[in-house]
Amino acid sequence: MKKAFIKSYGCQMNVYDAERMTDILQAEGYQETSSQEDADLIILNTCHIREKAADKVYSELGRLRTMKNEREAEGKDLKVVVAGCVAQAEGKELTRRAPAVDVVVGPQSYHHLPELLRRKKGERVVETEFETEEKFEQLPVPPRERTIARGVSAFLTIQEGCDKFCTFCVVPYTRGVEISRPVAKILEDAHRLADAGVRELTLIGQNVNAYHGEDGKGGIVSMGRLLHLIAAVPGIKRIRYMTSHPRDMDDDLFEAHRDIDAVMPYLHLPIQSGSDRILDAMNRKHTAAEYCKLIERMRTIRPDIALSSDFIVGFPGETDAEFKETMKLVADVGFASSFSFKYSARPGTPAAEMDGQLSEELKSERLITLQHLLEEQRQDFNSKMIGRTIDVLIEKPGRHDGQMGGKSPYLQAVHFNSTHHQVGDIVPIRILDKSTNSLSGEILSSDIK
Ligand code: SAH
Ligand code: SF4
Ligand code: F3S
């Protein structure tokens, strides 16, 4: 049997796509392997979001060229595929710059993988059409055992692409226009996943709260309404979603956080910067005060909500005073956890052409300052859990005998000892202690919810 190795970079959507590619390849008779040395087929599922991520691909491809030559000397074959957002952005350029590449396939056309792989040896192909709707129609349904093996927490794509065109971002170019999957298709997937033991669904999309899917009766369903429909799927106990845009936070979504127990008290809502001038230059189309209003409203509805955001420091022209506005916003809001990045100029985006590009040193300095504050807030948020009792969804056995590991509603890793609970159970745990990246606690009662 042929073996395939897939390596993913980038966001959850790439993780999801890698699983779908695995499903496609298994239907084609490939077995998944975790070792490149074993593989007859290597797929790099790439990310284009920052320069570093994209650069990694070329160094990896250099290495694979050597490996491929060695194989050929032994009379063996190795196929190399570049998938994901670098594939979409660079297309033919990849085959020109990297001789090891056999197939380039974009994130909206990987359902064509079987036919692309059947091409003659030595024939190099590039497939980067945008066919999002067709892709979803053609993805194979994985066997139930494989879904079971993937665990009790699963990603489910409900929306893809982005029409926002933030001036720094490549996603609208690599993933294409915003497309929402029809409600019936999403519910079909949710039922199938729940039936295979999935208890937590994370609904994913580049702009997930812009969701506007057809209900099959001529109507359009919002993200908030969709949450109600998914919460009604038997077996689904927890629902999360990411990533959201502040402009798309509507009443339905706020109310879903108020009315649906399964919707977890966690909101990832990127703001990028605390400066209105920078937000405008980024084309985010909202102010810092408008963002804070959304947060206030969410906290009124769900006082325990854990907040998370993305930040970019060193956007072109960002002054010290403007960076301090970001620091102030972070101090005012208080985040449970966040992602922060140095601005990276991306080819083809408007911000890459703007005046006032900042030095790496200055960007690094600002990033360190910001990350210091964000980390302090994360540790504070985790410390506040000590002494509290929180529900933990068990995801896997822990590292030690008798230990279990799972997640709190606030997405924190939690360990505790138990011999009579199973993966998939939700158990109230009293938190006793914390380390840098996790909490530990004890069982209060053996009741399984
Ligand atoms: N759709 C999401 C995020 C997509 S990309 C949103 O609108 O928020 C994930 C994060 O990467 C972004 O939120 C941003 O913080 C970061 N990012 C995107 N482009 C970047 C760039 N050119 N340089 C640095 N960080 C970037
Ligand atoms: Fe990129 Fe902006 Fe779209 Fe997010 S909303 S994917 S940052 S263009
Ligand atoms: Fe990267 Fe593409 Fe995701 S650029 S962050 S893999 S949408």
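Just so you know, the residues in each chain are numbered from 1, in the order the chain's sequence is written. Chain labels run from A onward and ligand labels from 1 onward, assigned in the order the entries are written. At least 70 in pLDDT is required for a residue's local features to be given in this predicted model, at least 80 for side-chain atom pairs to be given and counted, and no such filter applies to totals for whole chains, interfaces and linings, which use all residues. Water and hydrogen atoms were dropped before computing side-chain values, which therefore reflect all heavy atoms in the structure.

1. Here's the deal with the domain arrangement of the chain
In step 1: How far each domain reaches was decided by an automatic or database domain assignment. Here the domain parsing of the chain yields domain 1 (2–130), domain 2 (141–264), domain 3 (274–384) and domain 4 (389–443).
In step 2: If you average the C-alpha positions of domain 3 and of domain 4, the two centres end up 31 Å apart.
In step 3: Taken together, the contacts link eight residues of domain 3 with seven residues of domain 4.
In step 4: A quick way to say it: buried area is the sum, across both parts, of accessible area lost when two parts are put together, with a 1.4 Å probe. Carbon and sulfur atoms supply 45% of the area that domain 3 and domain 4 bury against each other, a total of about 610 Å² over both sides.
In step 5: Polar contact is defined as a pair of N or O atoms within 3.5 Å, subject to the rule that within protein one atom must be able to donate a hydrogen and the other to accept it, and that residues adjacent in sequence are counted only when both atoms are side-chain atoms. At the junction of domain 3 with domain 4, the criterion picks out six residue pairs in polar contact (both at pLDDT 80 or more).
In step 6: By residue number, the principal contributor to the side of domain 3 that touches domain 4 is helix α15 (residues 360–383), which donates six residues.
In step 7: Side-chain classes follow a simple rule in which Ala, Val, Leu, Ile, Met, Phe, Trp, Tyr, Cys and Pro form the nonpolar group, Asp, Glu, Lys and Arg form the charged group, and the remainder, Gly included, forms the polar group. The class makeup of the residues in the side of domain 3 that touches domain 4 is two nonpolar, three polar and three charged. Here a residue-residue contact requires only that any non-hydrogen atoms of the pair lie within 4.5 Å. For the purposes of this entry, the term helix denotes a DSSP run of H or I that reaches at least four residues, the term strand denotes a run of E that reaches at least two, and both are numbered from the N terminus.

2. Concerning the sheet that holds strand β10 (residues 200–204)
In step 1: Two strands pair under a simple rule: DSSP has to find at least two bridges between them. Taken together, the three strands give an open sheet; going across it, the order is β7-β10-β13, and neighbouring strands pair in parallel fashion. Looking at the sheet topology across the chains shown, the edges are occupied by β7 (153–157) and β13 (238–242). Adjacent strand axes in the sheet meet at a mean angle of 25° when their direction is disregarded.
In step 2: Here five bridges tie β7 to β10, and the two strands are oriented parallel to one another. Residue L156 lies in a different strand from β10, and its bridge partner there is L203.
In step 3: Helix axes are fitted to C-alpha atoms over the stretch in contact, other axes to C-alpha atoms as well, and angles between N-to-C directions run from 0 to 180 degrees. Seen against the sheet, helix α1 (residues 12–27) touches β7, β10 and β13 and runs at an angle of roughly 95° to β7.

3. A few points about the site of ligand 3
In step 1: Near is defined per residue: the residue qualifies when any heavy atom it owns lies within 4 Å of the molecule or strand. The environment of ligand 3 is made up of C11, N14, T46, C47, H48, I49, C85, R175 and Q206.
In step 2: A breakdown of the residues in the shell around ligand 3 according to their chemical character gives four nonpolar, four polar and one charged.

4. A closer look at the packing of helix α10 (residues 223–231) against helix α11 (residues 251–259)
In step 1: Look at α10 against α11: their axes get within 7 Å of each other, and the N-to-C directions meet at 30°. Classified by the angle between their axes, α10 and α11 sit roughly parallel to one another. Here M223, G224, R225, L227 and H228 of α10 lie close against α11, whose contacting residues are D252, L253, A256 and D259.
In step 2: Class assignment for the residues of the contact of α10 with α11 results in four nonpolar, two polar and three charged. Should an angle lie under 35 degrees it is considered roughly parallel, over 145 roughly antiparallel, and from 65 to 115 roughly perpendicular; all remaining angles are considered oblique.

5. Observations regarding the sheet that holds strand β15 (residues 306–313)
In step 1: Overall, parallel pairing links the three strands, which are arranged β14-β15-β16 in an open sheet. At either end of the open sheet lies a strand with only one pairing partner, and these are β14 (266–268) and β16 (337–342). Pairs of neighbouring strands in the sheet enclose a mean axial angle of 10°, with direction left out of account.
In step 2: Where β14 and β15 come together, three bridges link them in parallel fashion.

6. Some details on the site of ligand 1
In step 1: Neighbouring ligand 1 are 15 residues, the closest being F168, Q206, Q272, D310 and S344.
In step 2: At 2.6 Å, a backbone N or O of Q206 approaches a nitrogen atom of ligand 1.
In step 3: Note that an oxygen atom of ligand 1 is positioned 2.6 Å from one of the side-chain N or O atoms of D310.
In step 4: Relative to its unbound accessible area of 540 Å², ligand 1 is 89% covered by the protein chains.
In step 5: Broken down by class, the residue content of the shell around ligand 1 amounts to six nonpolar, four polar and five charged.
In step 6: Residues from two domains meet in the shell around ligand 1; each of domain 2 (141–264) and domain 3 (274–384) gives at least three. Shrake-Rupley sampling with a 1.4 Å probe provides the accessible areas, and residues are treated as covered by the protein chains on show and by no other component.

7. Thoughts on the UniProt feature "binding site: [4Fe-4S] cluster 2" (unreviewed entry) in the chain
In step 1: The positions UniProt marks with the feature "binding site: [4Fe-4S] cluster 2" (unreviewed entry) are C162, C166 and C169.
In step 2: Within the secondary structure, C166 is located in the loop between β8 (159–160) and α8 (171–174).
In step 3: In this structure C166 touches M282, N283 and R284, once residues within four positions along its chain are discounted.
In step 4: One can find C169 in the loop between β8 and α8.
In step 5: Among residues more than four places away in sequence, those in contact with C169 are I49 and T349. UniProt positions are given in the numbering used here, feature names are shortened, and annotations may be inferred rather than shown by experiment.

8. A word on a negative patch on the surface
In step 1: A contiguous patch of negative charge, built from D276, D280, E290 and E325, is present on the exposed surface.
In step 2: Along the chain, D280 turns up in helix α12 (residues 276–281). Patch definition: residues with relative accessible area over 30% and no salt bridge; like charges joined within 9 Å; nonpolar side chains (Val, Leu, Ile, Met, Phe, Trp, Tyr) joined within 5 Å. By definition here, a salt bridge exists when the distance from a side-chain nitrogen of Lys or Arg to a carboxyl oxygen of Asp or Glu is within 4 Å. Charged-residue counts in this description rest on Lys and Arg as positive and Asp and Glu as negative, His and the chain ends being excluded. Charged side chains are reduced to one point each, which is NZ for Lys, CZ for Arg, CG for Asp and CD for Glu.

9. Focus on the pairing of strand β4 (residues 79–83)
In step 1: Among the five residues in β4, five count as buried, and that is most of the element.
In step 2: If the strands point away from the viewer and the path from the first strand over the helix to the second runs clockwise, then the crossover is right-handed. Where the polypeptide runs from strand β3 (residues 41–46) across helix α2 (residues 51–73) and back to β4, its parallel neighbour, the crossover connection is right-handed. Only protein chains enter the area calculation, which uses a 1.4 Å probe; residues under 20% of their type maximum are buried, those over 50% are exposed, and those in between are partly exposed.

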